[in-house]
Structure formats: structure tokens, C-alpha cells
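# Topology and contacts: notes
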Amino acid sequence: MFILEHIWIVPALPLASWLVITFFNRRLGPRAAHVGTAAVLTSLLLSVAAFIALVARGGEPVTTGGRWLTLGSVTLDMGLVVDNLAAVMLLVVSIVSSAVHIYSMGYMHGDRRYQRFFGTLSLFTSAMLLLVLADNYLLLLIAWEVMGLCSYLLIGHWFEEDWPRMASMKAFMTTRVGDVAMLIGIFLLYTNAGTFNIAAITKAAAGGALAPTVVTAGALLLFGGAVGKSAQFPLHVWLPDAMAGPTPVSALIHAATMVAAGVYLVARSFGIFVASGDALFVVALIGGFTALFAATIATLQTDFKKVLAYSTVSQLGYMMLGLGVGGYVAGTFHLVTHAFFKALLFLTAGSVSHALGTLEIHRMGGLAGKMRVTFWTFLAGALALAGIPPLAGFWSKDEILVAAWGSGWTVLFWMAVATAFLTAYYMTRLTVLVFFGRPRDHHAYEHAHESPRVMTGPLVALTVLAVLGGLPGSPWAGHWLGHFLDFGRSLPGLEAATGHVHGVFAHGVELASHAAGAAHAAGPVLPIALGAALLGILVGYLVYGTRLVRRERVIRALRPIYLLLKNKYYVDELYSAVFVRPAVGLAELCGLFDNVVVDGAVNGVAWATREMAFSAGEFDNVVVDGAVNGVASGTVAAGRALRRAHTGNVRSYMVALYAGAAASLAVLVWLLI
Amino acid sequence: MIDLSYAIVLGVLLFAVGLYGALRSSNAVRVLMCIELMLNAVNILLVAFARLNPAGAVAGQVFAIFVMAVAAAEAAVGLAIVLQIVRQRGVAEIDKFTLLKG
């Protein structure tokens, strides 16, 4: 198939769009948006073609690429691989990116850096598409860092204000902590396996060619990168602040794609994690903890986007949990469905803030009647997130719960159930506060209006996916997606890997390779998941929809817990005290040292040099110039005296000549005699 | 056999006549002619002294021939310069020609 052989076109198109927008910025003007959107839509079409082509050949991976460079005995290969995971990710990324591009044409209309916004969006899309296609860690890391850069640029899009500027810095710095770990991990694996190729490293790890400690350390260091990028505890702090960026950016980068790259990394390296059961266990623990932790914070946030941000952190933890308990299909499936409905939710948040000019949910209310399209699309997204069948989120969440149940770790399972309950609760709270009840800010309410078609169009398209997106993985479709993603086929050597599992999840991994059939084996999971979701909605409705539960009284009764949650567990304060303030103090100390010692030395040297230059100049003026001028004036005086001898009269010259000759002769004769 | 002293007296007298003429006359052509006289006086002395050379060497005679050749060249250049001066100034008086006065 042509497209599978030339898959490089898919990331190249948005890259070309970025170049065109960057170089013809002025000439293009607002048409830059059309360039970017056209490129991404073409990539979407090609992704669909690639997906169909891959399904047609039965999911057999296609690798393209070749030698990149040779440095002595070291050779580096660069290649792209389209396998089942990459094909699915291509679809997800290009769909969400297309929707966001179209939506942004309306949302960012009239922005002062409109072209730059679309240029960076294109570059980001290109990097994300490249990331999912990379067949080696080096290329993956390049794409990974380009995404980090785009994230930084787009969070700080409105850098005239303090908040976005500082948030962009925080996001960049925090993810950097994880990236350093990831870099070390990649080099560790490279030095031990002798290659960057993911499949080859996986094979080496699974086949026992790498020492178990190397595998575990490599996997954990890679996971460090994923923790930073996917905002897992303890590096989750940047994602909520990243909401300072434009809302389409939050939808694309900070909900659907870039933050999911960490999950993708774990999924792509799953064979390495499986080979080290301990690493997998850490993934499950961090994921499960983050899921519950962030969900509790989300229940008390009052900013529309921040609720969604903490929800994203929580859901990413959910995916990590799914992967960690061996649910490879469950984790990636949830990544796909989450991308659709969370992008949708963010875009509706943008639509609401576009209409009201605020994101404070306590100033909203009663918008259901005024913004019909936004309301219905939001409701679909919220229900999908809450896990109500048959919407997308239900199926994938159920898969994760099944995998957690099957792993035998009861604590993790109940953490996941509690998270599901809290998710349903805070989404109900959000829905009720924003769209129902009486408007709390009449001025804003009067001005509210439905967003233009260019914004509601992508909402409707994403709603369709949020509703139907889970069906390919549902039992109704015979777990088609599960079979397609089937771990064993995408990563050769799994059979060997399962034999090498020395950790605690042998059972879970076994489940993963039979993920499709797992649903039948876990009877009580479905009712528990559904019960948790419905209970969450019910409690949420009781607290916020009716006056049956007095919020003030609950807050007063649980004041310590309320304060703890309201302040996000004081993690930011802790980091500020432990890392930021010592760093600033150290910087100030260094600054002082610089000012006093270094600057003193430099200024002293400068002063001495200046003084020396002055005295050297004086010497020049007096002695050297004096000598030169003396010679000159001596010469002039001599010339003036001697010119008299030059009469120009030939005969006088001749007299002098012969007189001289005669005198010389006389002296000679006198000397000789 | 003529005594060497005759030749020396002739040479010195000729040289004195040439020197006197060269210093006294103001006509450029006459100055040139006097210079030729002096050169020829030197030539006589060269040839005369050459006879004193024991091995019959011809260095003195050869040197005289060289002097003649140089004198011919000198006369040609000198006359050419004088011709130019006459053409430009209309006079051949070297006292009136003091371009190189410092």
C-alpha cells in the first residue's frame, strides 16, 4: 500500500504548513488558518487511509526508514513504523487536531498573534504524529521535546499577562524534571542494548539479554518522562496551571494528545515494563494514586477549565493504572475514548467562556436554554466521562476496572472505583452549576449567545465520537478494537516476555494478552462500575441540584478536609518551600557573589587597564611623539640649511666637484708621503 | 723613445686646459667639448702608464678604449639634453638654466 510505505507524508504535511505560515506570516494574514487546517485535514484523510490499509493487511506492521548516520562503530537508524497502535493513535491525533484547528478559526478570531497560533498548532500536530510513528527512542525523544516546546509557546500565547507567562515556564520546568529521567533511561537502554530501536530493545528485554536491574531501571526512568508529560503525581502541578493558554490548546495538547503521550510511551514500551514486573507495579501505583488524588481535588475547583484539568490528570492516572495492572488494551482504549470526550469538554468550556467572558463556574448557571448546542454536546461529553453506557467512556473505563479486578490487587481496584464515583460526582456538579439553576451573574447571562457554526461544528463532530467512539471496543462489536490492538501482535516477543515476568503481575499480563475475552471473566465489575457512576451522579445532583444537602453545613463539618482539598493538598506550597524558594535563595546568593566578587574583579581589571592605558598614552604623547617630531623637525632644519648649496648652477657644481676631487687627492698624497 | 715625463706633462696640460674651459665657458656645447678634452687627457695618461706594466699587459690600453666608448655615449646624451634645452629656452647658456635650484 502506497500510504503505508510513505507514512512520512502524514507528519510532513503539518510541518510544511508550519514552515509556510512561519515564512509567509505577513503575506498570508488570516489565511494562515486555512493553510494549517487544510494540512491537518489532509493528514486526517491519509491517517484514515493508513488505518484502513493496515486493517486490510491484518495489522501486520510496516517499517520504513534507514540508516541516519554512522559515527565510527556507532550507527544510528531512523525509521517510522505503522503498526496497530500507531494507526489508532494517528487517527485520534489527526481527528482531534482537525477539530481543534477548525474550532480555533472561530475561537481565536481577531487574536493579535493569530498566524503564530496556527503555525505552532501545526508544528505541534506534526511532532505528535511523528511521535506515534517513531520506531526508535531517539526520534521519539525529538518529537517529544518539540511537543514540549509547542506546549510552552502555546500556554504562553498571551504572554503580555503574568499568569500565562509563568504557567508556561512552570509547565516547561516541571516536565523537564521527567524528561531528564527519560533521557537517562533511553541512554541506559541504548548502552546496554546497543540500539535505540524500540522493538529491538523490547526483544532484548523480553529475551533476557538485558540484566533485570537494567530493565527495571530503564523502564522506571522512561516512566519518569511519562510522569512529567502525563502530569502524574508528583509532577502533576503544571497541568492545571497550563489552563492559562487558549482553550483550543488545552483541548488539543493538555487533554487529548500531548499529555497522553506519556501513556503512549508506556504502552509503546510495554514489553520492557512487562519484562520488569516491578516497574509495572510502580506504574500501577502512581497511576491509581494520581487518579484518586486528582479526582478529589477536582471536586472543589471553581474554574471550569481547572475542573477539567484535574479530571484530565485523574483520567491519565486511570490509563496508567490500566497499563500498570497489565491492561494494555484497556489503557490504550481509554486513551482513545478520553481524547475524544475530553477534547469535546474543553471545547465546550471554550464555547462557554467565549459567550460569557469568564470561566468561574459560580458566575454561570442556567445556560442550558441559551446555548443549546454547547449544552447538549457538553452533556454527552460529561456522561461519557462519567461512564454511562453506551457512551465511549463507559467501555474503556470498564476495561480498566476489569483489568484491575483481574490483577488481584483489591486496593487498586477500589481506588479505581472510588475515582469513577468522584468523576461522576464532579461532572454532575459542573453540569448543574454551569447549565442548570438560575443564572448567578445576570449581566453575563444577558450577553450569553451560542457560538458561531465554525465552533459548534467541531463540537458536534466530537460528540459523535464521544458517543460512538467506544463501540469498536465494546462487546457489541466483539471487542474488535481489543483484538486489533492485541498486544502480542504489536510487540513480537511477548510470549517470551510473559515467561520472564518476575514481578507481581503475571496474572495481569496474562489477562492483557486475552484482554478481549477478559470482560466475560469479571462478572461483578460491570455492576460495580455502573453503580459507582450512577451513585456519583445522584450525590452530585443531591448536593448541587437540590437543597436537600446543605453545602455550608457539610463544609463546616469537614473543614480540615475541605481546606486540604481546596488547597490542592498544598503540593504547590510544598514545592515552593522545598524547591522554588531554596532555588531562588541560591540564585540570590549567586547573584550577590556575582555582584560583589565577580563584578568587583571584572571592574578592578577594567580600572587597572584604564589607568595603564592612560599612562601608556602619556608615554606615547611625550616620548614617542617627541622623538618622532624631533626627528622630523631636525630633518626639516637640516634641509633648510642645506638647500642653499643647491644653486642649480652647473658650473658651481662642477667647481665643487673638482675642488673636492683635488682636495681628496691632496689628502691622499699627503697621507702617502 | 720618448720619455714618460713628456707624456705626463702633455696629459696634465691637456687636462688643465679642459678643466679651465669647462669651468670658464658658459656655452653648454663648449663645456661638453672641454669634458671630452679632460677624458682624452686621462686616456693619454692611461696609455702612457700602461707602458710601465712589466708583462706587457694591455689593461691600460683596454681601459682607454672603454673610456672612449663611455665618452661617446656621454657626448650623445649630453648633446641631446643640450638640444632639448635650446629648443625649449632658445639659449645654450648653462648659467641661465637653474631648474634644480633648491
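Residues numbered from 1 in each chain as written. Chains lettered and ligands numbered in written order. Predicted model: local features only at pLDDT ≥ 70, side-chain atom pairs only at ≥ 80, totals over all residues. Heavy atoms only, no water.

## Thoughts on the overall build of chain A
Basically, it comes down to this: The secondary structure listing takes helices from DSSP runs of H or I that are at least 4 residues long and strands from runs of E that are at least 2 residues long, numbered from the N terminus. The globule rule used for comparison is 2.2 Å times the number of residues to the exponent 0.38, while the radius of gyration itself is calculated over C-alpha atoms. Think of it in three bands: residues with accessible area under 20% of the maximum for their type are buried, residues over 50% are exposed, and the middle band is partly exposed, with areas taken using a 1.4 Å probe on protein chains only. By definition in these notes, contact holds between two residues if any of their heavy atoms fall within 4.5 Å. Working definition of accessibility: Shrake-Rupley area with a 1.4 Å probe, residue cover restricted to the visible protein chains.
Across its full length, chain A carries 32 helices and two strands. Computed over its C-alpha atoms, the radius of gyration of chain A comes to 36 Å, more than 25% above the 26 Å expected for a compact globule of 673 residues. Its C-alpha atoms give chain A principal-axis dimensions of about 145 × 65 × 50 Å. When the 673 residues of chain A are sorted by exposure, 53% land in the buried category. When contacts within chain A are restricted to residue pairs at least 6 apart in sequence, those whose partners lie at least 24 apart make up 80%. Carbon and sulfur atoms provide 70% of the accessible area of chain A, an area that totals close to 28200 Å².

## Comments concerning the environment of Ala533 of chain A
All names here are of chain A. Mapped onto the elements, Ala533 comes out in helix 28 (residues 525-545). Remark: the alpha-carbon pair of Ala533 and Ile186, spanning 347 residues in sequence, is separated by 40 Å. Among all residues touching Ala533, those that are not within four sequence positions of it are Ala386, Gly387, Ile388 and Ala424.

## Focus on the interface of chain A and chain B
Basically, it comes down to this: Buried area counts how much accessible surface, traced with a 1.4 Å probe, disappears from two parts once they are put together, with both parts' losses summed. Salt bridge, as applied in this entry: a Lys or Arg side-chain nitrogen positioned within 4 Å of an Asp or Glu carboxyl oxygen. Under the rule applied, a polar contact is a pair of N or O atoms within 3.5 Å (in protein, one hydrogen donor and one hydrogen acceptor; residues adjacent in sequence only if both atoms are side-chain atoms). Residues were grouped as follows: Ala, Val, Leu, Ile, Met, Phe, Trp, Tyr, Cys and Pro as nonpolar; Asp, Glu, Lys and Arg as charged; and all remaining residues, including Gly, as polar.
Each partner contributes to the interface: chain A provides 11 residues, whereas chain B provides 16 residues. Interface of chain A and chain B: buried area, both sides summed, is about 1100 Å²; carbon and sulfur atoms make up 60% of it. It is Arg651, Met654 and Tyr658 of chain A in chain A that bury the most area against chain B; as a group they hold 50% of the surface buried on that side. Our count for the chain A to chain B interface comes out at zero salt bridges. Joining chain A to chain B, the criterion identifies three residue pairs in polar contact (both at pLDDT 80 or more). Across the side of chain A that touches chain B, the residue classes tally to five nonpolar, four polar and two charged.

## Considering the pairing of strand 2 (residues 74-82) of chain A
Put simply, the rule is: Paired strands, as defined in this entry, are two strands with at least two bridges between them according to DSSP.
As paired strands, strand 1 (residues 62-71) of chain A and strand 2 of chain A are joined by nine bridges and run antiparallel to one another. The partner of Arg67 of chain A across the bridge, within strand 2 of chain A, is Asp77 of chain A.

## Topic: unusual backbone geometry
Residue and element names in this part refer to chain A. Here the residue pair Phe233 and Pro234 is connected by a cis peptide bond, since its omega of 5° sits within 30 degrees of zero. By the element assignment, Pro234 lies in the loop between helix 10 (212-229) and helix 11 (238-241). Residue Pro390 is reached from Pro389 by a cis peptide bond, and omega for that bond is 5°. Phi is positive for Tyr569, which is not a glycine, with a value near 60°. Tracing the backbone through its elements, the reader meets Tyr569 in the loop between helix 30 (559-566) and helix 31 (571-642).

## Re the packing of helix 19 (residues 392-407) of chain A against helix 28 of chain A
All names here are of chain A. Note the following rule: Axis lines are fitted through C-alpha atoms, for helices just across the contact stretch, and the angle between N-to-C directions can take any value from 0 to 180 degrees. With respect to orientation, any angle under 35 degrees is reported as roughly parallel, any angle over 145 as roughly antiparallel, any angle of 65 to 115 as roughly perpendicular, and every other angle as oblique. A crossing counts as left-handed when the near helix is turned anticlockwise from the far one by less than a right angle, and as right-handed when that turn is clockwise.
Between helix 19 and helix 28, whose axes approach to 10 Å, the crossing angle comes to 125°. With respect to their mutual orientation, helix 19 and helix 28 come out oblique. Helix 19 and helix 28 meet at a crossing whose hand is right-handed. Each of Phe394, Asp398, Leu401, Val402 and Trp405 in helix 19 lies in contact with helix 28, whose residues at this interface are Val525, Leu526, Ala529 and Leu530. Considered class by class, the residues forming the contact of helix 19 with helix 28 number eight nonpolar, no polar and one charged.

## Structural notes on the environment of Pro240 of chain A
Here Pro240 of chain A shows up in helix 11. Look past the residues within four positions of Pro240 of chain A in its chain and what remains in contact with it is Lys306, Ala309 and Tyr310 of chain A.

## Quick look at helix 3 (residues 59-89) of chain B
Residues and elements named next belong to chain B. Spelled out, the test is: Helix span is expected to be 1.5 Å times the residue number reduced by one.
When the terminal C-alpha atoms of helix 3 are compared, their 44 Å separation across 31 residues agrees well with the 45 Å that a helix rising 1.5 Å per residue should span. Taken together, the buried residues of helix 3 touch helix 2 (28-50). Among the residues trailing helix 3, Gly90 stands out with phi positive, at a value near 80°.

## Digging into a nonpolar patch on the surface
Our working rule: Exposure above 30% relative accessible area and the absence of a salt bridge qualify a residue for a patch, where like charges join within 9 Å and nonpolar side chains (Val, Leu, Ile, Met, Phe, Trp, Tyr) within 5 Å.
Residues Leu592, Phe593, Val596, Val597, Val598 and Val602 of chain A make up a contiguous nonpolar surface patch of about 530 Å² in total accessible area. A residue is classified by how much of its surface remains accessible, and Phe593 of chain A, at 47% relative accessible area, is partly exposed.

## Observations regarding helix 19 of chain A
For helix 19 of chain A, which comprises 16 residues, the first-to-last C-alpha distance of 23 Å matches the rise-based estimate of 22 Å (1.5 Å per residue) to within 8%. Gly408 of chain A occupies a position one or two residues after helix 19 of chain A and carries a positive phi of about 85°.

## A word on the packing of helix 10 of chain A against helix 13 (residues 260-268) of chain A
Residue and element names in this part refer to chain A. Relative to each other, helix 10 and helix 13 sit at 160°, their axes nearing to 7 Å. With respect to helix 13, the axis of helix 10 lies roughly antiparallel. You can see that helix 10 and helix 13 cross each other, and the crossing is left-handed. Residues Leu222, Phe223, Ala226 and Lys229 of helix 10 lie in contact with helix 13, whose contacting residues are Gly262, Leu265 and Val266. Grouping the constituent residues of the contact of helix 10 with helix 13 by class yields five nonpolar, one polar and one charged.

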